[in-house]
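What follows is the residue order along each chain.
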Amino acid sequence: FNDTKFKKINSNQKKLTGNRYNISNKKNSKFINFVESILNKKLIFKKNNINENKEIKNIINENFLEELNKIINSEYIISDINQRCHHARGYSIHEIFQDNERSFDRIPDLIVYPKEYDDVLNIVKLACKHNVAIVPFGGGTNVSLALTLDKSEKRMIVSVDMRCMNKIHWID
């Protein structure tokens, strides 16, 4: 989650940001020590996890974005580089290392969080109208390799993250 990350308070204490877990926003040196003992490795907390030497493409279809902003609340349209990188991979060790090193060939240019069925329909219609590629993002496991994007893709790529959806209408 965007609000959940480890933040260094001082050399001995870290805290988990956000409010999703009962250990969130509490100074907690024991948890970090526990994780380090299990991994047998010292955790390194970086100020910025973007590899500044790696140029990451961002293709924006302005017409698509303009129309999207008319139908989806702007708080559900994300262009943050860290979130875009997270939506370009699953949870395999290889993909996690890719994320840490920012060694992706291609990442989504935008993330959209539809809240309801009609939002998804409208996003798909807009993508077709403006020749924008869309990639569904469910749990993010990438077991189907659907999150592995084609590095030669010239169109804007939008990750449609389904986490705000709460109903299954049907299963094909």
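Before reading on, note that the structure itself is shown above.
Just so we're clear, the structure is a prediction, and the values are computed from it rather than from any experiment.

### So, the overall build of the protein
So, step 1. Of regular secondary structure, the protein possesses five helices and six strands.
So, step 2. Of the regular secondary structure in the protein, the N- to C-terminal order runs β-β-α-α-β-α-α-β-α-β-β.
So, step 3. Within the protein, buried positions represent 35% of all 172 residues.
So, step 4. In the protein, 65% of the contacts between residues at least 6 apart in sequence involve partners at least 24 apart.
So, step 5. Counting only carbon and sulfur atoms, one obtains 51% of the accessible surface of the protein, whose full area is about 11600 Å².

### Here we look at the packing of helix H2 (residues 62–71) against helix H5 (residues 117–130)
So, step 1. Orientation of H2 relative to H5, taken along the N-to-C sense of each, is 160°, at an axis distance of 10 Å. If you check the angle between H2 and H5, you find them roughly antiparallel. Of the two possible hands of crossing, H2 and H5 adopt the one that is right-handed. The segment H2 lies against H5, with Asn63, Phe64, Glu67, Leu68 and Ile71 engaging Asp119, Asn122, Ile123, Leu126, Ala127, Lys129 and His130.

### As for the side chain of Glu153
So, step 1. Along the chain, Glu153 falls in the loop between strand S5 (133–137) and strand S6 (157–161).
So, step 2. Residue Glu153 is classed as buried on the basis of its relative accessible area, which comes to 18%.
So, step 3. Polar side-chain contacts of Glu153 include one of 2.8 Å to the side chain of Arg155.
So, step 4. In this view, Glu153 contacts Ile59 and Arg106; residues no more than four positions away in its chain are not counted.

Conventions used here
- Every chain is numbered on its own, with residues counted from 1 as its sequence reads.
- Two thresholds apply to this predicted model, a pLDDT of at least 70 for residue-level local features and 80 or more for giving and counting side-chain atom pairs, whereas whole-chain, interface and lining totals are computed over all residues.
- Computation of side-chain values covers all heavy atoms of the structure but excludes hydrogens and water.
- Secondary structure elements are taken from DSSP: a helix is a run of H or I of four residues or more, a strand is a run of E of two residues or more, and numbering for both begins at the N terminus.
- Exposure is judged per residue with a 1.4 Å probe applied to protein chains only, and the accessible area is read against the type maximum: over 50% gives exposed, under 20% gives buried, and values in between give partly exposed.
- Every residue pair with non-hydrogen atoms within 4.5 Å of one another is taken to be in contact.
- Each accessible area is a Shrake-Rupley result for a 1.4 Å probe, and residues are judged covered by the shown protein chains and nothing else.
- All axes are obtained by fitting lines to C-alpha atoms, using only the stretch in contact for helices, and the reported angles, taken between N-to-C directions, cover 0 to 180 degrees.
- Oblique is the label for any angle not covered by the other classes, which are roughly parallel (under 35 degrees), roughly antiparallel (over 145) and roughly perpendicular (65 to 115).
- With the far helix as reference, a near helix turned anticlockwise by less than a right angle produces a left-handed crossing, and one turned clockwise produces a right-handed crossing.
- Each polar contact in these results corresponds to two N or O atoms within 3.5 Å; when the atoms are within protein, one needs to be able to donate a hydrogen and the other to accept it, and residues that are neighboring in sequence are counted only if both atoms are side-chain atoms.

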